[in-house]
Each structure stands twice: as structure tokens, then as C-alpha cells.
Amino acid sequence: MDVHHAAGTALSQLSAGPPPAPMAAPRFSETCERILASVDQVIDGKAEASRVALTVLLAQGHLLVEDVPGVGKTMLAKTLARTIDCSVSRIQFTPDLLPSDVTGVSIYNQATRQFEFRPGAVFANIVIGDEINRASAKTQSALLECMEEHQVTVDGTSYGLSEPFMVIATQNPIEMEGTYPLPEAQRDRFMARISMGYPDEAAEIEMLESHQSESPLLSVQPVAEASEVAAMVETVKDVYVSDPVKEYTVALGKATRTSDRLRLGASPRAILQLLRAAKARAALDGRDFVLPDDVAAMAPAVLTHRLILDRRAAGAGLTAAGVVEALVASVPLPSDGASRLRRQG
């Protein structure tokens, strides 16, 4: 477990300060372009994965990157973290990792005869959890309160986490030796899950050229500050969502719950996070209103990892991703015109 900067040096009990002012649209777009360009210099041929990662950050969510070893999962997490001048911590999840290693622990100080809280690695703006499914379920669950409520409670005292706060976790497929599947409650805390996949031939050749002497990650410099990201988050919150788009989002969630191919559908938390992700996607596209296309585009990344296939569907070779794709195609789009999708007045 290693920590960059000083994670948790300004530790305090829960307190809420005034949120920053939203960022103006031109500056928002320019900052997003800088961040994505910086990430793309390191991650070859994975522009869509980088874009989803930034979308989740601006939507105040958490990202799960799942794939086989060696395809750049941790590199993507590290690169996104380095583009922002904020506190970053990295936790290498192993079977012997304890919950207190993640959240922190109270230690008795003999000099003062009082217990003092020593913050764990979760006290940072961006927390990289490497191979999260190699730790026990008890240690994985230590992140539940952190991810949902942005706070840690130890010995009855709650400590607020810094804003912005994002967990980027990587995991290998559960078939890999020495891994533990994430509990359903843990998976539901992640706004989105992406897979890196193997790069295409051109991107792999470019990787061989650029990674020969040293890792390009070493040359990545921050292109945005934590305060700027916080302002961008406020901008995303102001993105308008019309009633037809809300109804369409709920209809997608209902379709997962009534599908005979799924044993477990999307939770209300999943639908809320789907809409938040759609708002962030709209902002990245330069719009201050959400279209149904934004919801449909984010549905695979946001919903797939939360669903459990029916046994017959799994036996027939179907996948959760395929079911989501079919449901998105089957749920009708709002048909009452584009005018109601935009902010009125």
C-alpha cells in the first residue's frame, strides 16, 4: 500500500462547507479535453474507456475496471489520478489485508492517555484499489460506507472524506485463481464497470514504441486541480433532465426487473446512478440537458455488472451485456418531441 501526496493530513470530523460555483461551459469543455488528452497519451487505443472513467468522476461515482491481467487496468486508474492535482492513494488488495488498513484505526496514545485516529488509505481524493477481488469479503465491505456516504465511522465517530472522492477498483475475472467474487452490495456501489480489452494491432505497435525506454506514466503532469473538478461536478448537477427522460430511465430499470432472462434486475440506486452518468455524459458533449441517447449510451456500463442472469438464460449462452443491449433496443424512446427534452424558458 503506497500513498502519493498526504492522504488524510487534514482529517476532521464531519462538516459540510459551501459547494463551489459551477464551471462555465467553455472552461468545462476545455478542461475535459485536457484531461482526456493527457490520459490518451498513456492509454493507447482506449479513448472510450478514458471517457467513461472521466464521466464517472464528474458524476460523483466509482469505477470498476474488470479484465484479465496485463491490459492496462491499473495504468488507466493511475493515469486519470495523475492528471488531477489532488491526493491519491493506492491499495494493493491481498488476502491478508484488514479492514482497518483501508479505513484507519484508533490507537491509544500513552502520552496523552487518549485514543487517536490514524486514517487509512481511503482518505484521499482518488483511491485506487488494485485487484479488489483478491481480498476477503470482510475487507471489501470496508469500502461500503466510504463509497456510499463519503465518510468513515470508527469507534462511533464519523470522519468525512475529501471532495471530490472516487474509488477506481480493478479486478480480474472471478475464474482466475485466488480471487473472491464481489458481493452484490459491493458491486452495486460502483456506478459503472468497464473492460479494457486487448488493444488493436496499431495501438499495440504504438505501445511498443512509446513504452520501450520508460513508462509514459512518469511524464504525466496534472492538468486540473481538485477545486476545478469539484466545480465541474457542480456543473454536471445543473444539467437539466426532462420528465420524458426520467420516465425513459425508469422504464429501462423496470424492464430489467420484469425480464424473464434476469434473476436480479437494476436497483433504484442503479437507476439514480444511470441518470447521474447520463447528465455527466451530456455535459461532456457540451449540452446542458440530457437526451434519451445519453441514458441509452451509459446503460451497458452502469447496469450490466448489477444484473444476475436467470439460470436458463445463462445455460443458453446469454450474457448480462447482451440482455441490456436487447432491453435498450426494446424500450421505446420518448416520442413527444425534442422540445420537452430541453430546458424551457
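Just so you know, these numbers come straight off a predicted model, no measurement behind them.

J.: Would you mind showing me how to read the overall build of the protein here?
T.: For the protein, the count of helices and strands is 14 helices and 14 strands. Here the protein has a C-alpha radius of gyration of 21 Å; the compact-globule value for 345 residues is 20 Å, and the two agree. Counting only C-alpha atoms, the protein reaches 70 × 50 × 50 Å along its principal axes. Residues classed as buried in the protein amount to 50% of the 345 residues present. Contacts spanning at least 24 positions in sequence make up 80% of the contacts within the protein whose residues lie at least 6 apart. Total accessible area on the protein stands at roughly 16,400 Å², and carbon and sulfur atoms take up 51% of it.

J.: Sorry, what's going on with helix H3 (residues 73–82) here?
T.: A turn of α-helix holds 3.6 residues, and therefore any two residues three or four places apart point the same way. Of all 10 residues in H3, 7 are buried, a share of seventy percent or more. Looking only at H3, the buried set comprises Lys73, Thr74, Leu76, Ala77, Thr79, Leu80 and Ala81.

J.: What should I look at first to understand the nonpolar core in this one?
T.: In summary, soluble globular proteins display a tendency toward joint burial of nonpolar side chains. Among the nonpolar cores identified, the biggest contains 77 residues, and Phe28, Leu58 and Leu63 are the most heavily contacted of them. Counting residues per element, this core draws most heavily on helix H11 (residues 268–284), at 10 residues. Excluding its chain neighbours within four sequence positions, the residues that come into contact with Phe28 are Met23, Leu58, Met232, Thr235, Val236, Ala283 and Leu284. Formed by 26 residues, the second largest nonpolar core is a distinct cluster that contains Ile91, Leu143, Val152 and Val154.

J.: Would you take a moment to explain the side chain of Asp294 for this structure?
T.: In this fold, Asp294 is placed in helix H12 (residues 292–303). In this structure Asp294 comes out as buried when scored by relative accessible area, which is 0%. A polar side-chain atom of Asp294 sits 2.8 Å from a polar atom in the side chain of Arg281. Apart from residues no more than four positions distant in its own chain, Asp294 is found in contact with Ala278, Arg281, Ala282, Asp285, Arg287 and Phe289.

J.: Teacher, can you tell me more about the environment of Pro300 here?
T.: Mapping Pro300 onto the fold places it in helix H12. C-alpha separation for the pair Pro300 and Glu66, spaced 234 residues apart in sequence, amounts to 14 Å.

J.: Which parts of the structure should I look at to understand the pattern of salt bridges?
T.: Where side chains of opposite charge bring their charged atoms close, a pairing between them can arise. Overall, the coordinates contain 17 salt bridges when judged by the stated rule. Close ionic contact of Arg27 with Glu228 constitutes a salt bridge, the shortest N to O distance being 3.0 Å. Of the two residues, Arg27 is situated in helix H1 (residues 25–40) and Glu228 in helix H9 (residues 226–237); the sequence distance between them amounts to 201 residues. Given a relative accessible area of 13%, Glu228 falls into the buried group.

J.: What exactly am I supposed to notice about unusual backbone geometry here?
T.: Generally, phi is negative for residues other than glycine and the peptide bonds are trans, each holding for most cases. For the bond from Glu163 to Pro164, the omega torsion is -5 degrees, close enough to zero to count as cis. The topology assignment puts Pro164 in the loop between strand S9 (157–160) and strand S10 (166–171). At His150, a position not held by glycine, the phi torsion is positive, near 55 degrees. Summarising the element assignment, His150 is placed in the loop between helix H6 (144–149) and strand S8 (151–154). A positive phi angle is found at Asp155, which is not glycine, with a value near 55 degrees. Residue position: Asp155 is located in the loop between S8 and S9.

J.: Would you mind going over the packing of helix H2 (residues 47–58) against H11 with me for this structure?
T.: In a packed pair of helices, the relevant descriptors are the angle between the two axes and the axis-to-axis distance. Where H2 meets H11, the axes come as close as 8 Å, and the angle between the chain directions of the two elements is 115 degrees. As for how H2 packs across H11, the hand of that crossing is right-handed. Within the contact between the two elements, H2 uses Arg51, Leu54, Thr55 and Leu58 and H11 uses Ala277, Ala280, Arg281 and Leu284. Here the residues of the contact of H2 with H11 are counted per class, giving 5 nonpolar, 1 polar and 2 charged.

Definitions and cut-offs
- Residues numbered from 1 in each chain as written.
- Predicted model: local features only at pLDDT ≥ 70, side-chain atom pairs only at ≥ 80, totals over all residues.
- Heavy atoms only, no water.
- Helix = DSSP H or I, 4+ residues; strand = E, 2+ residues; numbered from the N terminus.
- Rg over C-alpha atoms; globule rule 2.2 N^0.38 Å.
- Buried < 20%, exposed > 50% of the residue type's maximum accessible area, 1.4 Å probe, protein only.
- Contact = heavy atoms within 4.5 Å.
- Areas by Shrake-Rupley, 256 points an atom, 1.4 Å probe, with all protein chains shown as cover.
- Core = buried A, V, L, I, M, F, W, Y, C linked by side-chain atoms within 4.5 Å.
- Polar contact = N/O pair within 3.5 Å; in protein donor to acceptor, adjacent residues only side chain to side chain.
- Salt bridge = Lys/Arg side-chain N within 4 Å of Asp/Glu carboxyl O.
- Axes fitted to C-alpha atoms, helices over the stretch in contact; angles between N-to-C directions.
- Left-handed = near helix turned anticlockwise from the far one by under 90°.
- Nonpolar A, V, L, I, M, F, W, Y, C, P; charged D, E, K, R; others polar.

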